[in-house]
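# Coordinates in review
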Amino acid sequence: DAARGGDQVQRKAVARIPEDRQGLRVGRALAFFIMAHIARRGGERDPCVAQAAGVRVLVAGGGTGGHLYPGIAVARAVMAAAPGSVVTFVGTAAGIESRVVPREGFALDTIRSAGLKGKSLSALARGVGLLPLSLLDAWRVIGRRAPQVVVGVGGYSSGPVVLLAALRRIRTMV
């Protein structure tokens with residue numbers, strides 16, 4: 001079963017990645033916050049209800065380690081708090097996430113996206129031209145993964161995903 005195999009890979013990723021204490025505290029706090037959001041949406045007051053069922057989390061962003069590694073800490077904490085959870089990342093094929101996320105054992109969906117701020121005129125035109133494609137790619141990823149929560153960790157690829165998740169009334173965190 002492919003889904004079961006993905007869960008095993010994620011559990012191995014959680015066990016394999018070394019964790020600094022600050023990242024662990026922040027990741028655990030965010031994982032609890034995610035569980036509380038899911039429980040409230042289901043009409044429950046206790047985050048343990050969401051922990052037992054597991055959650056589907058989409059972590060959007062990347063480009064640099066400063067954006068990506070906090071997302072990995074959150075993914076690790078969610079997997080530890082609710083072992084039945086499925087955590088997927090969304091980024092670009094050109095960012096650091098394309099190398100790091102698969103190596104760490106998490107699934108990565110890519111979208112076409114480019115930066116807009118501080119770019120030359122030609123790069124800005126290219127970035128604006130990619131916006132409709134970014135939105136289309138984000139729509140497809142959200143539809144395929146059906147996340148309960150989307151976490152934006154920064155980077156130009158997080159914008160379209162978080163925007164569309166909010167428009168589709170999926171819980172978002174930045």
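Everything discussed here concerns the structure shown above.
Being a predicted model, the structure only gives us computed values, none of them experimental.

### Considerations on the sheet that holds strand E2 (residues 86-91)
- Strand order in the open sheet made by the five strands is E3-E2-E1-E4-E5, with parallel pairing throughout. Since the sheet does not close on itself, it has two edges, and those belong to strand E3 (107-110) and strand E5 (171-173), each with one partner. The average angle at which neighbouring strand axes cross in this sheet is 25°, direction not considered.
- Note that strand E1 (residues 56-60) and E2 share five bridges and pair parallel. Residue pairing across strands places Arg 56 opposite Val 86, the latter belonging to E2.
- In the packing of helix H4 (residues 65-81) onto the sheet, the strands contacted are E1 and E2, and the crossing angle to E2 comes to about 165°.

### Quick notes on the nonpolar core
- In terms of nonpolar packing, the biggest core is built from 19 residues, with Val 57, Leu 68, Val 87, Phe 89 and Phe 106 touching the most fellow members.
- Mapped onto this core, the elements with two or more residues apiece are E1, H4, E2, helix H5 (97-103) and strand E4 (149-152).
- The leading source of residues in this core is H4, at six residues.
- Counting residues in hydrophobic clusters, the runner-up holds 13 residues, among them Leu 58, Val 90, Val 150 and Ala 165.

### Focus on the pattern of salt bridges
- Inspection of every chain in the model, using the stated rule, returns four salt bridges.
- The salt bridge involving Asp 109 is made with Arg 144; its shortest N-O contact spans 3.4 Å. In this pair, Asp 109 sits in strand E3 while Arg 144 sits in helix H6 (residues 121-145), placing the two residues 35 residues apart along the sequence.
- For Asp 137, the salt bridge identified is with Arg 112, shortest N-O distance 2.8 Å. One end of the pair, Asp 137, is in helix H6; the other, Arg 112, is in the loop between E3 and H6, and 25 residues separate them in sequence.
- Look at Asp 137 and you get buried, because its relative accessible area is 9%.
- By relative accessible area, Arg 112 is classed as partly exposed at 39%.
- Each of Asp 109, Arg 144 and Arg 145 takes part in salt bridges that share partners, so that together they form one network.

About the cut-offs
Residues numbered from 1 in each chain as written. Predicted model: local features only at pLDDT ≥ 70, side-chain atom pairs only at ≥ 80, totals over all residues. Heavy atoms only, no water. Pairing = 2+ DSSP bridges. Helix = DSSP H or I, 4+ residues; strand = E, 2+ residues; numbered from the N terminus. Axes fitted to C-alpha atoms, helices over the stretch in contact; angles between N-to-C directions. Contact = heavy atoms within 4.5 Å. Core = buried A, V, L, I, M, F, W, Y, C linked by side-chain atoms within 4.5 Å. Buried < 20%, exposed > 50% of the residue type's maximum accessible area, 1.4 Å probe, protein only. Salt bridge = Lys/Arg side-chain N within 4 Å of Asp/Glu carboxyl O.

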